[in-house]
Amino acid sequence: MLRQIMIPSKENSTISIPDEFYGMQVEVLVFPLPAAKTQDSGALDHIFDKHLYSFDSFKFNREEANDYD
């Protein structure tokens, strides 16, 4: 399945089809989305605001992670 949400800027737009769809019968549906869905892409961002963590000081030690002793 392929779902692509886009904002066409010209009269003719193209959609890239995955290789595994070549030679198959496919259905293409084109319909406008409600304005609220296209503009509200960060609707759930406020839920994660209280869970912000900074990993700037985190150091990953590959040898320590693979130490099986």
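Residues numbered from 1 in each chain as written. Predicted model: local features only at pLDDT ≥ 70, side-chain atom pairs only at ≥ 80, totals over all residues. Heavy atoms only, no water.

Visitor: How would you sum up the overall build of the protein chain? Please name residues and give values.
Guide: Across its full length, the protein chain carries three helices and zero strands. Residues counted as buried form 1% of the 69 residues belonging to the protein chain. Surface summary for the protein chain: the accessible area is close to 7700 Å², and the carbon and sulfur share equals 54%. (Helix = DSSP H or I, 4+ residues; strand = E, 2+ residues; numbered from the N terminus. Buried < 20%, exposed > 50% of the residue type's maximum accessible area, 1.4 Å probe, protein only. Areas by Shrake-Rupley, 256 points an atom, 1.4 Å probe, with all protein chains shown as cover.)

Visitor: Can you tell me about the confidence of the model for the protein chain, naming the residues and giving the values?
Guide: Interpretation of the predicted coordinates at a detailed level should be avoided for regions scoring low in pLDDT. Of the residues in the protein chain, 80% have a pLDDT of 70 or more, and the chain-wide mean is 78. Looking over the protein chain, one finds the lowest element-wise mean pLDDT in helix H1 (residues 35-39), namely 55, and the highest in helix H3 (residues 62-65), namely 83. (pLDDT = per-residue confidence, 0-100.)

Visitor: Quick one: what's the story with a nonpolar patch on the surface, residue by residue and with numbers?
Guide: Among the surface-exposed residues, Leu2, Met6, Ile15, Ile17, Tyr22, Met24, Val26, Val28 and Val30 lie close enough to one another that they form a single nonpolar patch of about 870 Å² accessible area. Within the secondary structure layout, valine 26 lies in the segment before H1. (Patch = residues over 30% accessible without salt bridge, like charges linked within 9 Å, V, L, I, M, F, W, Y side chains within 5 Å. Salt bridge = Lys/Arg side-chain N within 4 Å of Asp/Glu carboxyl O.)

Visitor: Mind laying out the environment of isoleucine 7, listing which residues take part and the relevant values?
Guide: Summarising the element assignment, isoleucine 7 is placed in the segment before H1. For isoleucine 7, a relative accessible area of 78% gives the class exposed. Distance from isoleucine 7 to proline 32, taken between C-alpha atoms, is 9.5 Å for residues 25 residues apart in sequence.

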